[in-house]
Amino acid sequence: MNNLHLEVENEIAVLSITRPGALNALNSETLQELDTVLIEIEARDDVKVLILTGGPDKKDNPYKSFVAGADISEMVNLSPEEATAFALRAASPFFRLQNMRQVTIAAVNGFALGGGCEIAMSCDIRVAADNASFAQPEVGLGIIPGFGGTQRLARLIGAGRAKELIFTCDNIDAAEAYRIGLVNKVVPKEELLDTAKKIATKILGKASHAVSVAKKAINEGYDLDIKAAVALEAKLFGELFAYSDQKEGMTAFAERRAADLKDF
Ligand code: CO8
């Protein structure tokens with residue numbers, strides 16, 4: 001991989017987007033690599049949580065940029081057909097982040113602009129460094145958010161706030177992103193990765209199959225009407241009773257001891 005770096009330890013994968021000369025902007029090659037590595041990660045039994053972050057810039061500053069957007073130099077001369085194809089190239093890895101069985105956490109270590117904000121929104125949880133900043137600057141470039149931003153931002157923070165951010169291109173800091181619900185947590189930048197790993201470790205202590213099923217219920221239920229969504233939840237709930245973790249988790253509670261969860 002030319003533009004990604006993967007480390008796996010204690011069932012936590014840390015995947016860094018590493019294009020130091022372009023503040024980790026997403027070009028076609030990076031999107032393709034991302035798609036490939038996410039397929040590999042999803043198949044790995046030794047990964048339960050994936051943390052996505054940005055590599056350091058060319059001056060080796062680890063807190064400069066998460067992802068500074070889609071690669072503008074690659075987009076500038078695209079035809080309408082090529083631009084649609086470029087947008088769709090991101091759809092596949094972004095949906096993988098959203099729907100893969102493992103939990104995905106974006107550790108936002110600086111600029112999360114355009115496609116950078118959009119890829120963070122494709123993750124389940126967002127933790128921001130206190131110096132992080134967020135924007136959807138696309139309409140200032142004569143385009144719209146094309147990596148799912150018009151859809152995911154509205155779903156995450158509500159249509160009114162999403163429209164304001166997208167129409168004005170306002171750049172907001174981490175505190176404001178937290179206030180409007182765009183990120184789950186803001187921490188001093190030096191504590192960013194540790195905080196993401198602490199959240200991951202907390203999740204690892206739970207029945208990981210149940211966590212995956214909860215993620216599926218939330219994601220798939222979100223696009224259904226409430227009755228169908230609750231029916232889906234009931235079906236998934238019932239299926240978990242075929243797993244030993246359910247018996248062990250509940251028996252351990254009754255016996256007042258810690259559960260020995262095995263992920264099946
Ligand atoms: N694409 C390509 N290169 C970039 C990008 C980018 N998005 N962002 C930064 N770079 C490059 C710069 O060109 C520069 O390269 P070089 O050193 O060779 O000149 C290097 O990264 C460092 O950048 P700066 O010198 O500009 O660093 P500063 O600290 O001065 O500024 C900023 C940092 C404020 C982040 C500034 O670089 C900036 O404004 N970048 C662009 C941010 C932006 O507008 N992002 C949104 C892009 S559009 C988008 O994401 C659309 C997604 C949907 C696409 C749909 C597909 C059709």
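So, here is what we can say about the structure in this document. Given the structure is predicted, the values throughout are model-derived calculations rather than measurements.

**Describing the overall build of the protein chain**
Here's step 1: For the protein chain, the count of helices and strands is eleven helices and ten strands.
Here's step 2: Based on the C-alpha atoms only, the size of the protein chain along its principal axes is roughly 65 × 45 × 35 Å.
Here's step 3: Sorting the 264 residues of the protein chain into buried and exposed places 43% on the buried side.
Here's step 4: Taking the contacts inside the protein chain whose residues are at least 6 apart along the sequence as the reference set, 68% of them involve residues at least 24 apart.
Here's step 5: Within the structure as shown, the protein chain displays about 13500 Å² of accessible surface, and the carbon and sulfur contribution to it stands at 56%.
Here's step 6: Considering the protein chain, the positive charge centre built from 29 side chains and the negative charge centre built from 37 side chains are found 5 Å apart.

**Structural notes on the sheet that holds strand β9 (residues 172-173)**
Through backbone hydrogen bonds, the strands of a sheet pair up, either in parallel or in antiparallel fashion.
Here's step 1: If you trace the four strands from one edge of the open sheet to the other, you get β4-β6-β8-β9, paired in mixed fashion. Each of the sheet's edge strands pairs with one partner strand only, and the pair in question is β4 (65-67) and β9.

**Observations concerning the environment of Met 1**
Here's step 1: Among the structural elements, Met 1 can be located in the segment before β1 (4-9).
Here's step 2: Residue classification places Met 1 among the exposed residues on the basis of a relative accessible area of 53%.
Here's step 3: Met 1 sits 94 residues away from Phe 95 along the chain, and the two C-alpha atoms are 20 Å apart.
Here's step 4: In contact with Met 1, not counting residues within four places along its chain, are Leu 6, Glu 33 and Val 37.

**Some words on the side chain of Lys 215**
Here's step 1: As for its placement among the helices and strands, Lys 215 is situated in helix α9 (residues 208-222).
Here's step 2: Looking at Lys 215, the relative accessible area reads 8%, which means it is buried.
Here's step 3: Side-chain polar atoms of Lys 215 contact the backbone oxygen of Gln 98, separated by 3.5 Å.
Here's step 4: One polar contact links Lys 215 to Asp 124, side chain to side chain, over a distance of 2.8 Å.
Here's step 5: Among residues more than four places away in sequence, those in contact with Lys 215 are Leu 97, Gln 98, Asn 99, Met 100, Gln 102, Val 103, Thr 104 and Asp 124.

**Re the site of the ligand**
Here's step 1: The immediate surroundings of the ligand are formed by 26 residues, with Lys 58, Lys 64, Ala 70, Ile 72 and Gly 115 found nearest.
Here's step 2: At 2.5 Å, a side-chain N or O of Lys 64 approaches an oxygen atom of the ligand.
Here's step 3: Ile 72 is positioned such that a nitrogen or oxygen atom in its backbone is 2.9 Å from a nitrogen atom of the ligand.
Here's step 4: Counting residues per element, the ones that place at least two in the shell around the ligand are α2 (72-75), α3 (80-99), β6 (111-113) and α4 (115-121).
Here's step 5: Counting residues per element, the shell around the ligand draws most heavily on α3, which supplies three residues.
Here's step 6: Partitioned by chemical class, the residues of the shell around the ligand number 16 nonpolar, five polar and five charged.

**Points about the packing of aromatic side chains**
Here's step 1: Inspection of the entire model under this criterion finds three aromatic pairs.
Here's step 2: When the centroid spacing of 5.1 Å and the interplanar angle of 55° are considered together, the rings of Phe 237 and Phe 241 count as tilted.
Here's step 3: Look at Phe 237 and you get exposed, because its relative accessible area is 54%.
Here's step 4: One residue, Arg 152, lies across the ring of Phe 95, its end atom 5.0 Å from the ring centre.

**Focus: empty space enclosed by the protein**
Here's step 1: Evaluation of the coordinates by the stated rule reveals one cavity of 30 Å³ or more.
Here's step 2: Reported here for the largest cavity is a volume of approximately 30 Å³.
Here's step 3: Lining the largest cavity are Cys 117, Phe 134, Ala 135, Gln 136, Leu 153, Leu 165, Ile 172 and Leu 182.
Here's step 4: Of the residues belonging to the lining of the largest cavity, the class tally is seven nonpolar, one polar and no charged.

Reading guide: rules and limits
- Residues numbered from 1 in each chain as written.
- Predicted model: local features only at pLDDT ≥ 70, side-chain atom pairs only at ≥ 80, totals over all residues.
- Heavy atoms only, no water.
- Helix = DSSP H or I, 4+ residues; strand = E, 2+ residues; numbered from the N terminus.
- Buried < 20%, exposed > 50% of the residue type's maximum accessible area, 1.4 Å probe, protein only.
- Contact = heavy atoms within 4.5 Å.
- Areas by Shrake-Rupley, 256 points an atom, 1.4 Å probe, with all protein chains shown as cover.
- Lys, Arg positive; Asp, Glu negative; His and termini not counted.
- Charge placed at Lys NZ, Arg CZ, Asp CG, Glu CD.
- Pairing = 2+ DSSP bridges.
- Polar contact = N/O pair within 3.5 Å; in protein donor to acceptor, adjacent residues only side chain to side chain.
- Near = heavy atom within 4 Å.
- Nonpolar A, V, L, I, M, F, W, Y, C, P; charged D, E, K, R; others polar.
- Phe/Tyr/Trp six-rings, centres within 6.5 Å; stacked < 30°, edge-to-face > 60°.
- Lys NZ or Arg CZ within 6 Å of the ring centre and 35° of its normal.
- 1 Å grid on protein atoms, 1.4 Å probe; cavity = no way out; pocket = protein on both sides within 12 Å on 5 of 7 lines; lining within 4 Å.
- Points joined across faces, edges and corners; volume = space filled by probe spheres on them.

Read these as geometric descriptors, not functional statements.
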